[in-house]
Amino acid sequence: MSTSLQMQKRLDKIQGLIDEGYNLEKKFGFPVLKTSEGKSKSVGGINSPTGFSWIGFFFPFVVCTQIREWSYFYINGIILIVISLVSLKLNLSSDLYTGSQVGIGVMYGFYYPYLRYLANEKGIKEIPILISIFLGIILTFLCALPSAIIDSIAEL
């Protein structure tokens, strides 16, 4: 797959960190960057070495599908179920859903370059973009379905 100039710069920064002795791996679906001494270096936030990926923020369901990063859907589904259960128990508004989706977008805005790097390193064949859009929408619907069922039962 072709890589944009901006993304290639991010991937090159990650490669530079690896060349300096850093180790990049995934734990529970999240990228973790460690020094050779085993100290963690933040991959998110203001001090992120690769910066923020707007495509990862606005379209995490597409880019994660494209690189076959299925953990995005597990994480999103679990968060939505937890929010449904907490909202049910505490009688909270649906603003938590919106906030959680913005938060997930921000996370993947920072994580996407690292996940893309790991996918490239593993030689994972990317899914074409048009298929990723449709498949990502279907998977997003499926991961939100248990939460919608909980909410529907709560309204009865």
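Residues numbered from 1 in each chain as written. Predicted model: local features only at pLDDT ≥ 70, side-chain atom pairs only at ≥ 80, totals over all residues. Heavy atoms only, no water.

**Student:** In this structure, what is going on with unusual backbone geometry? I would like to understand it.
**Tutor:** It is generally the case that most residues other than glycine have a negative phi and that most peptide bonds are trans. In the Ramachandran plot, phenylalanine 28 falls in the positive-phi region, its phi being about 55 degrees despite a non-glycine side chain. Structurally, phenylalanine 28 can be placed in the loop between β1 (23-27) and β2 (30-34). (Helix = DSSP H or I, 4+ residues; strand = E, 2+ residues; numbered from the N terminus.)

**Student:** I keep staring at the packing of helix α1 (residues 5-19) against helix α5 (residues 95-121) and nothing clicks. Help me out?
**Tutor:** Helix-helix packing: each pair is described by the crossing angle between the helix axes and the interaxial distance. Remark: α1 packs on α5, axes separated minimally by 10 Å, with the N-to-C direction vectors making an angle of 75 degrees. Judged by the inter-axis angle, α1 sits roughly perpendicular to α5. Contacts between α1 and α5 involve Met7, Arg10, Leu11, Ile14, Gln15 and Ile18 from the former and Tyr112, Pro113, Tyr114, Arg116, Tyr117, Asn120 and Glu121 from the latter. When its residues are assigned to classes, the contact of α1 with α5 shows eight nonpolar, two polar and three charged. (Axes fitted to C-alpha atoms, helices over the stretch in contact; angles between N-to-C directions. Parallel < 35°, antiparallel > 145°, perpendicular 65-115°, else oblique. Contact = heavy atoms within 4.5 Å. Nonpolar A, V, L, I, M, F, W, Y, C, P; charged D, E, K, R; others polar.)

**Student:** So what exactly am I meant to see when it comes to helix α6 (residues 129-155) here?
**Tutor:** Every α-helix winds through 3.6 residues per turn, so residues three or four apart in the chain are directed the same way. With 27 residues, α6 extends 38 Å from end C-alpha to end C-alpha; this agrees with the ideal 39 Å at 1.5 Å per step. At its buried positions, α6 is contacted by α3 (60-66), α4 (71-90) and α5. (Expected span 1.5 Å × (residues − 1).)

**Student:** Whenever I open this one, the packing of α4 against α6 confuses me. Can you help?
**Tutor:** For the pair α4 and α6, interaxial distance at closest approach is 9 Å and the crossing angle is 15 degrees. Judged by the inter-axis angle, α4 sits roughly parallel to α6. In the crossing of α4 with α6, the sense of the turn from one axis to the other is right-handed. Contact residues: α4 offers Phe73, Asn76, Gly77, Leu80, Ile81, Ser84, Leu85 and Leu88, while α6 offers Gly136, Leu139, Thr140, Cys143, Ala144, Pro146, Ser147, Ile150, Asp151 and Ala154. (Left-handed = near helix turned anticlockwise from the far one by under 90°.)

**Student:** I'm lost on the layout of surface pockets in this one. Help?
**Tutor:** The gaps of empty space that remain are located by a probe, the size of a water molecule, rolled over the atoms. In this structure, the largest pocket spans a volume of roughly 310 Å³. Residue lining of the largest pocket: 18 residues in total, with Ser4, Met7, Ile55, Tyr112 and Arg116 positioned closest to the centre. Broken down by secondary-structure element, the contributors of at least two residues to the lining of the largest pocket are α1, α2 (54-58), α3 and α5. Here the lining of the largest pocket is composed, by residue class, of 10 nonpolar, six polar and two charged. (1 Å grid on protein atoms, 1.4 Å probe; cavity = no way out; pocket = protein on both sides within 12 Å on 5 of 7 lines; lining within 4 Å. Points joined across faces, edges and corners; volume = space filled by probe spheres on them.)

**Student:** Sorry if this is basic, but what is going on with the sheet that holds β2 here?
**Tutor:** As a general point, the strands of a sheet are linked pairwise by backbone hydrogen bonds and lie either parallel or antiparallel. With antiparallel pairing, the three strands of this open sheet are ordered in space as β1-β2-β3. Pairing within the sheet leaves two strands with one partner each, and these edge strands are β1 and β3 (40-41). (Pairing = 2+ DSSP bridges.)

**Student:** Would you mind going over the packing of aromatic side chains with me for this structure?
**Tutor:** In this description, a pair of aromatic rings is defined by centroid distance and the angle of the planes. According to the stated counting rule, one finds 12 aromatic pairs in the structure shown. Geometrically, the ring pair formed by phenylalanine 57 and phenylalanine 58 is edge-to-face, given 4.8 Å between the ring centres and 75 degrees between the ring planes. Taking the centre distance of 4.9 Å and the plane angle of 80 degrees together, the rings of tyrosine 72 and phenylalanine 73 count as edge-to-face. The same class applies to tyrosine 72 as to phenylalanine 73, namely buried. Members of the aromatic cluster, each reached through a chain of ring pairs, are Phe30, Trp70, Tyr72, Phe73, Tyr108 and Tyr111. (Phe/Tyr/Trp six-rings, centres within 6.5 Å; stacked < 30°, edge-to-face > 60°. Buried < 20%, exposed > 50% of the residue type's maximum accessible area, 1.4 Å probe, protein only.)

**Student:** Which parts of the structure should I look at to understand the nonpolar core?
**Tutor:** Residues Leu24, Leu33, Tyr72, Tyr108, Tyr111 and Tyr114 are the most contacted members of the largest nonpolar core, which totals 29 residues. Mapped onto this core, the elements with two or more residues apiece are α1, α3, α4 and α5. It is α5 that contributes the most residues to this core, 10 residues altogether. Once residues lying within four places of it in the same chain are set aside, the contact partners of leucine 24 are Ile14, Ile18, Pro31, Val32, Leu33, Tyr114, Tyr117 and Leu118. (Core = buried A, V, L, I, M, F, W, Y, C linked by side-chain atoms within 4.5 Å.)

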